[in-house]
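Coordinate analysis (summary)
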Amino acid sequence: MNDTARATEEEGPRRSGRERRPAESIYTDARLAEKKKRDAMNDKETSERSIRYEKRKGMDDTQEENDEDSTIFSDEDMGTFPSDGEDEQETSDGGDDDEEVSGRTTTRPNIITHWNSRDLDSFHGSGLFYTSYWSGRRFLGWWVERALENAQRSLVARQDQTSIALEYEPAHQSQVPYHDDMMPCYEYFAEGIQRRTSLEAFKIINYNLPQSPWLARNILPVLEQNMKLSVLEMSNCSLSADDVTALVKFISENKTLSTLNISHTMIESEDTAKALARALKKHPTLRRVNLAYCKLAGGHSVMDKVLAACKKCDELEIGHYDFDSKCVEKIAQFLGKKHSLTSFSLVGAKVDTSNKKLLSEALTVNKTIQKIRLHSNALQLPAIIRKTKKVTTALSRLTQLDFRFNRFPTQGAKVMASFLEEPSCNLVSLIMSNNHLTTKGINALLPALKKNTSLQQLDLSSNWLNNQCAPAVIDMLLNNSTLLNLNLYNNKSLKARKDGGKPKIVKGALFDVSSLESIAACNHTCAVKMSGCNYGGSHEETIRKINSLKVSEAKKIRHKVVLALNVVNPDLYELSKFQDLPLEMMPYLLEMVQQRLSLTGFPGSLKRRGDKTSLTRLYDAIKSFPTPLELFSRGPGKRRKKVAKKASNPRKRRKFGDEIDEDDEAWIPRGARTTGRYQRNPETGNHEYIPPPVY
């Protein structure tokens, strides 16, 4: 290579290779300038933040000398808050960098994903471990690690300005356990809500909270400064005695709550239970109280005071496994008195023989309760609903009945059937799961639904039903058009195999693909849940989703027809069945033969196939029509009638000298342009707007 060529190559830019020099452009310069400007603003903001921190720290030191207990926050906590009026900001990366959330600038803690190295005794909770069959050693369950990881992500997530919720749906354990290594996440959550003053709802459900005094020091002071708080739920939080005392004190001082849920809380002090009764009685706005599975110290004497305090409420849930016969008797006597309850729940408390009659008479005398919930009461129904005209007439006001975890023999099913057959029955929801209900009982109950027109939800899950109940279910579904939800899940003897009861119910009442007429004659209103999946090609879950769509019945039938034509029974596509189709219906047929059912796109699940099969079907449908030329004729297919035009009033002729003439219009030549347009300017290269000419 000569010197001239070498010099030319060194001076000129490289045109190939990985080390190509980036081209300089206006766009690159603009990005660099913007980055420098952003860095300068960040440096300025950081310096201002440090100055505010030093000022606040000096003020806190002075205030601490005057009164050591004047604040509940430490110097580090107060240093994390910006000055008054500072806007709330959040970094775009959302990682571990500093961010401002709800008036707070702090470092987000790291999410811990591996917990097996911790000491097993350092975890607080139940149902956390499993024992190895071979070695006999205890190990931390995989479900615990998943629950802890999800809980940490919920604690560090940004909360809504008016509603804060930490909710855990129990799967393998009843609540999220607690470990000391989770304290940074709890502190981060507490710091993020310190400056909230517009909260309307605060919920912590199924979380094992840190030990006392974390609740009284970080949460309750925040709730006290919110004057619009209406919903407070602290359910299954493993609160200590000191936490319960502080919570009851907050309830007694609050004046805005309308919903209170402290279920699964142990109130082991009689003084605290009495203080809770006084707080509930004096509260001016409380309407819904949930004390389910709350252990109340003091026995039936304290129970009487708590019930009297809830006299003005609309909804009440109460009960515990430790309630004795005297407590249940007090509850029955309270229900028979005058109060404003519309919904009542008794959970966990055992109802013996002596209290069954008292409870039935109290519900008969009562005139306001419309929703009754009886859970785990060792009842053998119909102990409450007796087969008498007086009881049936009195209970016709009920709209919801929930009898979970009790016993429902065949005789009880017959009494319930007679209650549902009454014309005055207004029952909307009936839940009978985990009631040891047999096939004989369901065969006695379901025929009554052919006459009932009010029931919309029926839950028969987790019972003892088998394949022999399928004919009764099919007969009920074909003769009932008001039932919207039927739950037959977890009936292990009701099989999903080919000759089992579940496919028979789907084929006999929900999706009969033997003909197009049979599909239209099926039930299209009731969403039946049995297996929860499309087991064995039964399309059970797909049909459930179709029936649960909030669309017209015609659209549901169209979904099922498309599914039958394309997947289940392609033999239904016979051109001879469409020869007598009117011309006005042909566009719908031509559209339907090109569609397919998307199982992931409900409710907009009908999509065009766009393949060879759809084009073939479209061609066959057009070709089979008796007069194909009519499909391409102009007009809607009907001759329009000519309507004579109304004679318009002649325009008044303008006279010379008139100053105002509303009928006068600007003259525009024929074919002239009346709208503006955009045209490219060759000098500037931009598109400029050119208005219409003026005549």
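Residues numbered from 1 in each chain as written. Predicted model: local features only at pLDDT ≥ 70, side-chain atom pairs only at ≥ 80, totals over all residues. Heavy atoms only, no water.

1. Points about the overall build of the protein chain
So the rule is basically this: A run of H or I in DSSP becomes a helix once it reaches four residues, and a run of E becomes a strand once it reaches two; helices and strands are each numbered from the N terminus. When accessible area is computed with a 1.4 Å probe and restricted to protein chains, residues below 20% of their type maximum are described as buried, those above 50% as exposed, and intermediate ones as partly exposed. Should any heavy atoms of two residues lie within 4.5 Å, those residues are counted as being in contact.
A tally of regular secondary structure across the protein chain gives 21 helices and 23 strands. Out of the 695 residues in the protein chain, the part that is buried amounts to 41%. Expressed as a percentage of contacts within the protein chain between residues at least 6 apart in sequence, the contacts between residues at least 24 apart total 74%.

2. Notes on the layout of surface pockets
Rule in force here: Here a cavity is any set of points on a 1 Å grid over the protein atoms alone where a 1.4 Å probe fits but cannot get out, and a pocket is any open set with protein on both sides within 12 Å along at least 5 of 7 lines; a residue lines the site when it has an atom within 4 Å of a point. Grid points are joined across faces, edges and corners, and a volume is the space filled by probe spheres set on the points.
One number sums up the size of the largest pocket: a volume of about 880 Å³. S235, S263, H264, Y293 and R373 are, among the 36 residues lining the largest pocket, the residues nearest its centre. Element by element, the count of residues in the lining of the largest pocket is highest for strand β10 (residues 288–292), at 4 residues.

3. Considerations on helix α16 (residues 501–510)
Of all 10 residues making up α16, 7 are buried, and the element is well covered by its neighbours. Among all positions in α16, only G501, K502, P503, I505, V506, A509 and L510 are buried. As for α16, its buried residues are in contact with α15 (470–478), β19 (527–529), α18 (540–547) and α19 (553–568).

4. Focus: the environment of V561
Relative to the assigned elements, V561 resides in helix α19. Looking at V561, the relative accessible area reads 9%, which means it is buried. In this view, V561 contacts L516, I519 and M592; residues no more than four positions away in its chain are not counted.

5. Re the packing of helix α9 (residues 300–309) against helix α10 (residues 325–336)
Basically, it comes down to this: Only the stretch in contact is used when a helix axis is fitted, and all axes are lines through C-alpha atoms; the angle between N-to-C directions ranges over 0 to 180 degrees. Should an angle lie under 35 degrees it is considered roughly parallel, over 145 roughly antiparallel, and from 65 to 115 roughly perpendicular; all remaining angles are considered oblique. Crossing handedness follows the turn of the near helix against the far one: under a right angle anticlockwise gives a left-handed crossing, and clockwise gives a right-handed one. Following the grouping adopted for this structure description, the nonpolar residues are Ala, Val, Leu, Ile, Met, Phe, Trp, Tyr, Cys and Pro, the charged ones are Asp, Glu, Lys and Arg, and the polar ones are all others, Gly among them.
Where α9 meets α10, the axes come as close as 9 Å, and the angle between the chain directions of the two elements is 25°. The angle between α9 and α10 places the two elements in the roughly parallel class. Where α9 crosses over α10, the handedness of that crossing is right-handed. Across the interface between the two elements, H300, M303, D304 and L307 of α9 pack against K326, C327, K330, I331 and F334 of α10. Across the contact of α9 with α10, the residue classes break down as 5 nonpolar, 1 polar and 3 charged.

6. Description of the nonpolar core
Spelled out, the test is: Side-chain atoms within 4.5 Å link the members of a nonpolar core, which is a set of buried Ala, Val, Leu, Ile, Met, Phe, Trp, Tyr and Cys residues.
Residues F202, L401, M416, L477, L486 and L488 are the most contacted members of the largest nonpolar core, which totals 157 residues. Broken down by element, the residue count for this core peaks at 7 residues, all from helix α4 (residues 142–156). Sequence-distant contacts of L488, that is, excluding residues within four places in its chain, are made with L460, S461, L465, V473, L494, I505, V528, K529 and M530.

7. What to know about the pattern of salt bridges
Note on pairing: side chains with opposite charge can pair once their charged atoms come close. Going by this rule: The salt bridge definition used is simple: a Lys or Arg side-chain nitrogen within 4 Å of an Asp or Glu carboxyl oxygen.
Counted under the stated rule, the structure contains 12 salt bridges. Between R118 and D181 there is a salt bridge; the shortest N-O distance is 2.9 Å. Of the two residues, R118 is situated in the loop between β2 (105–107) and β3 (129–131) and D181 in the loop between β5 (163–167) and α5 (183–192); the sequence distance between them amounts to 63 residues.

8. A look at the packing of helix α8 (residues 270–282) against α9
The geometry of α8 relative to α9 is characterised by a closest axis approach of 8 Å and an angle of 20° between their N-to-C directions. In terms of their interaxial angle, α8 and α9 are classed as roughly parallel. Helix-helix and strand crossings are classified by hand; for α8 and α9 the assignment is left-handed. Of the residues in α9, those touching α8 at E270, A273, K274, A277, L280 and K281 are V302, K305, V306 and A309. Looking at the contact of α8 with α9 residue by residue, the classes come out as 6 nonpolar, no polar and 4 charged.

9. Let's talk about the pairing of strand β22 (residues 677–680)
Here is the rule: Here a strand pair is declared whenever DSSP counts at least two bridges between the two strands.
Looking at chain direction, β22 and strand β23 (residues 687–690) are connected through 4 bridges and run antiparallel. Each bridged residue has a counterpart across the sheet, and for R680 the counterpart in β23 is H687.

10. Focus on the side chain of S263
Quick note on the threshold: Definition of a polar contact: a pair of N or O atoms within 3.5 Å, with one able to donate and the other able to accept a hydrogen when the atoms are protein atoms, and with sequence-neighbouring residues admitted only if both atoms are side-chain atoms.
If you trace the backbone, S263 turns up in the loop between β8 (259–261) and β9 (266–267). Given a relative accessible area of 4%, S263 falls into the buried group. Within the structure, the side chain of S263 is placed 2.6 Å from the side chain of S235, a separation counted as a polar contact. Residues contacting S263, with those up to four places away along its chain left out, are M234, S235, N236, N290, A292 and C294.

11. Overview of the confidence of the model for the protein chain
The criterion, for reference: For every residue, the predictor reports its confidence as pLDDT, a number between 0 and 100.
Residues with a pLDDT of 70 or more make up 75% of the protein chain, whose mean pLDDT is 80. Predicted confidence is poor over residues 1–27, with pLDDT under 50, and the contacts of this stretch with residues over four places away or in other chains come to 7 contacts.

12. A closer look at α8
For the record, the criterion: What a helix is expected to span follows from its residue count: subtract one and scale by 1.5 Å. The directions considered for the arc run from the helix axis to the C-beta atoms.
Under the 1.5 Å per step criterion, the end-to-end length of α8 is 19 Å for 13 residues, consistent within 8% with the ideal 18 Å. If you check which residues of α8 are buried, you get T272, A273, L276, A277, A279 and L280. Down the axis of α8, the sector holding all buried residues measures 165°, keeping them to one side. Every exposed residue of α8 that faces more than 90 degrees away from the buried side is listed here: D271, K281 and K282. Residues of α8 that are buried in the fold lie against α7 (241–253), β8, β9, β10 and α9.

13. Let's talk about a positive patch on the surface
Here is the rule we go by: What goes into a patch is any residue over 30% in relative accessible area without a salt bridge, connected to like charges within 9 Å or, for nonpolar side chains (Val, Leu, Ile, Met, Phe, Trp, Tyr), within 5 Å. Exposure was quantified through the Shrake-Rupley algorithm and a 1.4 Å probe, taking into account, for residues, occlusion by the shown protein chains and nothing else. As used throughout, the charge tally considers Lys and Arg to be positive and Asp and Glu to be negative, leaving His and the chain termini uncounted. To locate a charge, take atom NZ for lysine, CZ for arginine, CG for aspartate or CD for glutamate.
A cluster of basic side chains, namely K255, R278, K281, K282, R287, K305, K311, K312, K337 and K338, defines a positive patch on the protein surface. The greatest single-element share of the positive patch, amounting to 3 residues, is contributed by α8. Structurally, the position occupied by K305 is in helix α9. Looking at K305, the relative accessible area reads 45%, which means it is partly exposed.

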